[in-house]
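Coordinate inspection notes
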Amino acid sequence: MSRKGGGPPRKTGHLSDTQLGELSEELLRQLERLKKSMKITDEALRTVELDQTAVGRLSRMDSLQNQALSAGLREREAARLGQIVAALQRVDAGLYGTCASCGAGIPFERLFVFPEAPECASCVA
Ligand SMILES: [Zn+2]
């Protein structure tokens, strides 16, 4: 059943319940995947720390480089985790899919690719 033009705006806006369900499932899947990969990154960071006590200068430089890479990765993962958690909170609050900057509905096609996106494409650009 779809009504044209007007009608009381539902809290989740332009997304159908099915779409919203799909997107929040995808967010949960990505959250799980991210948590796993963060665990691996954490282990990589720890391993490098242990290595540094027992290795020569060259491999020490290698492990410092690896540590920098892992630390950068860790930062990106943490930022992404924050975005996914925030998106799930917006689902709970009934605000999901609405641009945090301009309030416009974010198209399903965009959310399908970036389910954690807090803003519409024109606000990010
Ligand atoms: Zn916007």
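For the structure, see preceding data.
Because the structure is predicted, anything quoted here is derived from the model rather than measured.

Some words on the pattern of salt bridges
Within this structure, the stated rule accounts for 4 salt bridges. Salt-bridge contacts for Arg29 lead to Glu26; the nearest nitrogen and oxygen are separated by 2.7 Å. Within this pair, Arg29 and its partner Glu26 are both found in helix 1 (residues 17-51), separated by 3 residues, close to a single helical turn. Given a relative accessible area of 44%, Arg29 falls into the partly exposed group. The partner of Glu26 in a salt bridge is Arg33, and the shortest N-O contact between them spans 4.0 Å. Through salt bridges that share partners, Glu26, Arg29 and Arg33 make up one connected network.

How each quantity is defined
- Residues numbered from 1 in each chain as written.
- Predicted model: local features only at pLDDT ≥ 70, side-chain atom pairs only at ≥ 80, totals over all residues.
- Heavy atoms only, no water.
- Salt bridge = Lys/Arg side-chain N within 4 Å of Asp/Glu carboxyl O.
- Helix = DSSP H or I, 4+ residues; strand = E, 2+ residues; numbered from the N terminus.
- Buried < 20%, exposed > 50% of the residue type's maximum accessible area, 1.4 Å probe, protein only.

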